[in-house]
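# Summary of the model geometry
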2 protein chains.
Amino acid sequence: MKALRIPEATVTRLSIYSRFLERLEQRGITTVSSSEIAKGVGVSPAQVRKDLAYFGEFGTRGVGYNVKDLIHYILKILGLTRPWNVILVGAGNLGTALCTYRGFIDRGFNIVGVFDNDLTKIGKRIHDLEVLPLERMPEVIEQHDVKIAIIAVPLGSVQDIADQLVGHSLKALLTFGPVVVDVPGDVVVRNVDLAVKLEILTFNLVFKELHSII
Amino acid sequence: MKALRIPEATVTRLSIYSRFLERLEQRGITTVSSSEIAKGVGVSPAQVRKDLAYFGEFGTRGVGYNVKDLIHYILKILGLTRPWNVILVGAGNLGTALCTYRGFIDRGFNIVGVFDNDLTKIGKRIHDLEVLPLERMPEVIEQHDVKIAIIAVPLGSVQDIADQLVGHSLKALLTFGPVVVDVPGDVVVRNVDLAVKLEILTFNLVFKELHSII
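Before going into details, it helps to say that this report is about the structure given with it.

Here is what the cut-offs are and how they apply
- Residues numbered from 1 in each chain as written.
- Chains lettered and ligands numbered in written order.
- Predicted model: local features only at pLDDT ≥ 70, side-chain atom pairs only at ≥ 80, totals over all residues.
- Heavy atoms only, no water.
- Least-squares fit on C-alpha atoms with pLDDT ≥ 70 in both.
- Contact = heavy atoms within 4.5 Å.
- Core = buried A, V, L, I, M, F, W, Y, C linked by side-chain atoms within 4.5 Å.
- Buried < 20%, exposed > 50% of the residue type's maximum accessible area, 1.4 Å probe, protein only.
- Helix = DSSP H or I, 4+ residues; strand = E, 2+ residues; numbered from the N terminus.
- Buried area = accessible area lost by both parts, 1.4 Å probe.
- Salt bridge = Lys/Arg side-chain N within 4 Å of Asp/Glu carboxyl O.
- Pairing = 2+ DSSP bridges.
- Right-handed = clockwise from strand over helix to strand, strands pointing away.
- Phe/Tyr/Trp six-rings, centres within 6.5 Å; stacked < 30°, edge-to-face > 60°.
- Arc of directions from axis to C-beta.
- Axes fitted to C-alpha atoms, helices over the stretch in contact; angles between N-to-C directions.

Turning to the relation of the copies chain B and chain A, a few remarks are in order. For the pair chain B and chain A, the best superposition has an RMSD of 0.0 Å and corresponds to a rotation of 180 degrees with a translation of 0.0 Å parallel to the axis. Within this description, the copies of the chain are treated as partners about a two-fold rotation axis. The position closest to the rotation axis in chain B is occupied by the C-alpha of B:Asn93, lying 2.4 Å away. When the interface residues of chain B are mapped onto chain A, 100% of them again lie at the interface, so the same face is used by both copies.

See the structure below:
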């Protein structure tokens with residue numbers, strides 16, 4: 001089987017489609033058209049059909065998609081039909097906020113360990129987790145079969161922590177803020193840059209001003 | 001002039017291209033091809049050319065783009081050739097982390113006011129800002145010509161805060177977590193759902209496993 005190249009934007013949209021579909025399901029809606037999905041999330045109907053077509057044939061012409069089936073199928077593609085244990089490195093304000101972030105729990109991500117090298121933070125409790133020293137990472141990773149780590153440490157320490165996590169055989173890392181980390185080719189790193197979303201806002205503000213002048 | 005419909009994914013990629021270009025500029029690189037930009041950010045060269053083509057003619061065939069000019073042009077499109085004053089509602093862990101988030105400062109976003117309705121937080125200092133009660137929002141918005149607000153309050157209070165901000169004439173709101181807010185049509189709302197990025201990681205983990213089995 002030839003490895004299919006799926007655009008990352010498609011994967012991101014699948015995440016977003018599934019959230020929209022779950023809201024429909026909660027309202028008792030059982031079928032949906034690609035146009036309705038498109039309208040609900042702000043893309044074109046052709047885009048919805050193209051994204052889903054990467055993964056096979058869905059839906060019935062003139063009837064649309066079965067909401068429940070489509071949710072299940074997308075979650076399967078995204079690897080979300082099982083829960084994932086995650087560790088968090090960094091118990092500062094961001095790390096503390098992430099520990100209780102509802103969006104992780106809703107999607108089946110369980111934070112099973114929080115680590116820091118700051119002696120004033122080690123031993124502190126965040127929600128129902130005790131902040132542990134970095135040396136305890138291998139033990140928790142093995143015990144909970146952890147594959148994913150979230151790095152929420154100051155920018156200057158991100159590469160060092162990433163190196164340690166790669167050394168402990170983790171293959172998927174999430175970082176925050178304006179930072180680029182070097183990892184081996186078999187490790188996936190994604191970065192959350194919160195300013196990107198603010199820039200969509202400024203684009204809209206400026207673009208609107210421009211068009212109201214002309 | 002007909003209002004051009006720019007896909008949001010294009011705007012997001014422009015943000016990302018500009019970050020990559022700034023790193024090139026810091027390394028003293030003066031020209032770049034669409035293929036190099038594409039490789040640096042993980043999209044196709046055709047995508048880079050298409051995204052830039054929305055905004056006119058750039059670059060010289062066979063020579064590429066002037067890095068400095070392209071950065072300036074993209075920042076202009078995104079509305080980032082001027083600084084933006086922003087207020088933050090919610091002085092919990094997330095709000096506190098956002099106050100010192102380097103990625104905002106780097107891109108010209110200045111948080112000029114932090115607000116909360118929790119009496120134990122009001123009066124507290126975060127970095128060089130004092131947490132103010134919600135009633136002080138109109139005064140700070142007017143004084144600093146604020147157009148953008150970040151909402152970092154518990155999910156159950158997001159709609160109420162959004163309503164208040166819309167009442168104070170703000171036109172651009174950023175929210176966090178699994179929440180959908182209702183606002184008038186002339187208000188732009190964008191949402192940061194941190195789980196979306198984790199789902200790109202799980203997709204990659206599962207997809208890789210699948211292809212190593214087959």
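Okay, the nonpolar core next. Judged by nonpolar contacts, the single largest core of 108 residues is most densely connected at A:Phe104 and B:Phe104. Broken down by element, this core gets its largest block of residues, eight residues, from helix H9 (residues 194-213) of chain A. The contact partners of B:Phe104, leaving out residues within four places of it in the chain, are A:Leu194, A:Ala195, A:Leu198, B:Leu98, B:Phe109, B:Ile111 and B:Ile150. Counting 23 residues, the second-largest nonpolar core is a separate cluster that includes A:Ala149, A:Ile151, A:Ala162 and A:Val189.

The next subject is the interface of chain B and chain A. The interface of chain B with chain A comprises 67 residues on the first partner and 67 residues on the second. For the pairing of chain B and chain A, the buried interface totals around 5,900 Å² over both sides, and the portion due to carbon and sulfur atoms is 74%. Taken together, chain B and chain A are joined by six salt bridges. We note a salt bridge from A:Glu199 to B:Arg107, for which the minimum N-O separation is 2.5 Å.

Further remarks concern the pattern of salt bridges. With the rule as written, the count across this model stands at 23 salt bridges over all chains. Salt-bridge contacts for A:Lys171 lead to A:Asp186; the nearest nitrogen and oxygen are separated by 2.9 Å. A residue pair is termed long-range when its members are at least 10 positions apart, and A:Lys171 in the loop between helix H8 (158-167) and strand S8 (172-176) and A:Asp186 in the loop between S8 and strand S9 (188-192) qualify at 15 residues. A salt bridge links B:Lys121 to B:Asp118; the nearest nitrogen and oxygen atoms lie 3.6 Å apart. What makes B:Lys121 partly exposed here is its relative accessible area of 23%. According to the relative accessible area criterion, B:Asp118 is partly exposed, its value standing at 24%. In the salt-bridge network here, residues are joined through shared partners; they are A:Arg19, A:Glu22, A:Arg107, B:Asp193 and B:Glu199.

It is worth spelling out the sheet that holds strand S6 (residues 129-133) of chain B at this point. Strand pairing in a sheet relies on backbone hydrogen bonds. The paired strands run either parallel or antiparallel. Taken together, seven strands build an open sheet; the order of strands is S5-S6-S4-S3-S7-S8-S9 (chain B) and the sheet is mixed. Each of the sheet's edge strands pairs with one partner strand only, and the pair in question is strand S5 (125-126) and strand S9 (188-192) of chain B.

In this section: the pairing of S8(A). All names here are of chain A. Among the five residues that make up S8, five are buried, leaving the element largely enclosed by the rest of the structure. Of the two faces of S8, the one holding Ala172, Leu174 and Phe176 and the one holding Leu173 and Thr175 are both buried throughout. This β-α-β element, strand S7 (residues 148-151) to H8 to S8, shows right-handed connectivity. Bridge count for S8 against S9 is five bridges, and the pairing is parallel. By the bridge assignment, Ala172 is partnered in S9 with Val188.

Attention now goes to the packing of aromatic side chains. Residue and element names in this part refer to chain A. On inspection of all chains with the given rule, the structure shows four aromatic pairs over all chains. Geometrically, the ring pair formed by Phe203 and Phe207 is stacked, given 4.9 Å between the ring centres and 20 degrees between the ring planes. Separated by four residues within a single helix, Phe203 and Phe207 lie in helix H9, roughly one turn from each other. Since its relative accessible area comes to 5%, Phe203 is described here as buried.

Attention now moves to helix H2 (residues 34-41) of chain B. All names here are of chain B. Three or more residues of H2 are buried, namely Ser34, Ile37 and Ala38. Taken down its axis, H2 places every buried residue within 100 degrees of arc, on the same side. Next to the buried residues of H2 lie helix H1 (8-26), strand S1 (31-32), helix H3 (45-53), strand S2 (65-66) and helix H4 (67-77). Immediately beyond the C-terminal end of H2, within one or two residues, lies Gly42, with a positive phi of roughly 80 degrees.

Residue and element names in this part refer to chain A. Spatial strand order, S5-S6-S4-S3-S7-S8-S9: seven strands in an open sheet with mixed pairing. Both edges of this open sheet fall to strand S5 (125-126) and S9, since each of them pairs with a single strand only. Pairing geometry for strand S3 (residues 84-89) and S7, over four bridges, is parallel. Each bridged residue has a counterpart across the sheet, and for Ile87 the counterpart in S7 is Ala149. Against the sheet, H8 engages S3, S7 and S8, with an angle of about 165 degrees to S7.

In short, geometric facts, not functional conclusions.
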